[in-house]
Amino acid sequence: MPEQNAAVLALHWQVNVIRPEGFFGPMLAEPVAASGVVQRAADFHKQAAELGLPIVFTRFTVPEDEGRLVRNTGFMESVGAAQHEFRPEAPGSRLIEEMADQADHIVDNQKLSGLAGNDLPRWLVENDIDTLFLTGVATNLTVEQTARHGTDLGFTVYTVADCVTAADPQVHTASLSNIALVSAGLRTAADAFHNG
């Protein structure tokens with residue numbers, strides 16, 4: 001059984017990342033679909049919710065004033081150039097249908113880490129949450145960045161390894177190896193809530 005001070009952070013399960021019509025669809029939609037990760041993660045979120053864990057979704061969005069977007073990488077330059085596709089109300093910013101009703105809390109930001117540029121770390125602390133289980137896409141982008149960031153902020157961070165994926169299987173595997181070293185480690189959907 002999980003401790004009551006845990007939450008699931010569901011990272012970037014939005015149309016722009018997961019679906020063919022989304023901004024990152026040409027890169028991610030096919031490998032995401034082939035991996036089966038959407039159904040596994042949706043099932044994991046349901047299991048966690050049944051155990052009483054809050055399910056917190058993060059969305060990468062760009063408001064009219066660009067919010068806290070800083071164009072300091074090629075990645076941020078590309079989303080900045082196509083920011084209309086990332087408006088909070090844009091179709092691509094919506095959570096995917098399989099997870100649209102699973103969110104207890106939704107946080108938008110303009111950073112790669114789900115914990116950067118928003119009030120989520122404070123919200124977690126105010127709700128006595130100190131342990132995070134990560135799901136999301138892509139492993140080597142928002143998932144790894146959030147795992148590292150959350151660890152540095154003092155949270156105990158587990159990445160649910162079969163509920164994340166990346167565009168390239170080798171990159172996914174290498175990223176999971178990094179995450180295992182720089183955080184509390186990896187879990188699977190089946191063993192996430194078992195100690196040891």
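Residues numbered from 1 in each chain as written. Predicted model: local features only at pLDDT ≥ 70, side-chain atom pairs only at ≥ 80, totals over all residues. Heavy atoms only, no water.

Visitor: Could you give an account of the nonpolar core, naming the residues involved and the relevant values?
Guide: One finds W13, I18, V38, F44, M99, F133 and V137 to be the most contacted residues of the largest nonpolar core, which totals 38 residues. Listed by contribution, the elements that provide at least two residues to this core are β1 (6-11), α1 (15-18), α2 (25-35), α3 (37-50), β2 (55-60), α4 (74-81), β4 (131-137) and β5 (156-165). Top contributing element to this core by residue count: α3, with 6 residues. Contacts of F44, omitting those with residues within four sequence positions, involve V8, F133, T135, V160, C163, A189, A192 and F193. (Core = buried A, V, L, I, M, F, W, Y, C linked by side-chain atoms within 4.5 Å. Buried < 20%, exposed > 50% of the residue type's maximum accessible area, 1.4 Å probe, protein only. Helix = DSSP H or I, 4+ residues; strand = E, 2+ residues; numbered from the N terminus. Contact = heavy atoms within 4.5 Å.)

Visitor: So, the side chain of H172: which residues are in play, and what are the values?
Guide: With respect to the secondary-structure elements, H172 resides in helix α7 (residues 169-182). A polar atom in the side chain of H172 sits 2.8 Å from the side chain of T139. Aside from chain neighbours lying at most four places away, what touches H172 is T139, A161, V164, T165 and A166. (Polar contact = N/O pair within 3.5 Å; in protein donor to acceptor, adjacent residues only side chain to side chain.)

Visitor: Talk me through the sheet that holds β2; I want residue IDs and the actual numbers.
Guide: Through backbone hydrogen bonds, the strands of a sheet pair up, either in parallel or in antiparallel fashion. Strand order in the open sheet made by the 6 strands is β3-β2-β1-β4-β5-β6, with parallel pairing throughout. Lying at the two open borders of the sheet, with one neighbouring strand each, are β3 (105-109) and β6 (185-187). Recorded for the sheet is a direction-independent mean angle of 30 degrees between the axes of neighbouring strands. Sheet analysis places β4 next to β5, joined by 6 bridges and oriented parallel. (Pairing = 2+ DSSP bridges. Axes fitted to C-alpha atoms, helices over the stretch in contact; angles between N-to-C directions.)

Visitor: Before we move on, could you go through empty space enclosed by the protein and cite the residues and values that matter?
Guide: As enumerated under the stated definition, the model contains 1 cavity of 30 Å³ or more in all. Considering only enclosed or pocket space, the largest cavity measures out at about 100 Å³ in volume. Along the walls of the largest cavity sit 13 residues, with H12, V17, F24, F75 and L141 positioned nearest its centre. For the lining of the largest cavity, the secondary-structure elements that each account for two or more residues are α2 and α6 (139-152). Of the residues contributing to the lining of the largest cavity, the split by class is 11 nonpolar, 2 polar and no charged. (1 Å grid on protein atoms, 1.4 Å probe; cavity = no way out; pocket = protein on both sides within 12 Å on 5 of 7 lines; lining within 4 Å. Points joined across faces, edges and corners; volume = space filled by probe spheres on them. Nonpolar A, V, L, I, M, F, W, Y, C, P; charged D, E, K, R; others polar.)

Visitor: Give me the lowdown on the environment of D108, citing residues and values where you can.
Guide: If you trace the backbone, D108 turns up in strand β3. According to the relative accessible area criterion, D108 is partly exposed, its value standing at 26%. Considering only alpha carbons, one finds D108 and G136, 28 residues apart in sequence, at a separation of 15 Å. At 2.7 Å, the side chain of D108 and the side chain of R59 are in polar contact.

Visitor: Residues and numbers for the packing of aromatic side chains, please.
Guide: One pass over the structure, following the stated rule, counts 9 aromatic pairs. Relative to F86, the ring of F23 has its centre 5.2 Å away and its plane inclined at 70 degrees; by these criteria the two rings are edge-to-face. Placement of the pair is F23 in the loop between α1 and α2 and F86 in the loop between α4 and β3, with a sequence separation of 63 residues. Taking the centre distance of 6.3 Å and the plane angle of 85 degrees together, the rings of F60 and F75 count as edge-to-face. Residue F60 is found in strand β2, and its partner F75 is found in helix α4; the two are separated by 15 residues along the sequence. By relative accessible area, F60 is classed as buried at 4%. By relative accessible area, which is 24% here, F75 ends up partly exposed. Aromatic ring contacts, followed pair by pair, group F23, F24, F60, F75 and F86 into a single cluster. Across from the ring centre of Y158, 4.1 Å away, lies the NZ or CZ of R187, which sits over that ring. (Phe/Tyr/Trp six-rings, centres within 6.5 Å; stacked < 30°, edge-to-face > 60°. Lys NZ or Arg CZ within 6 Å of the ring centre and 35° of its normal.)

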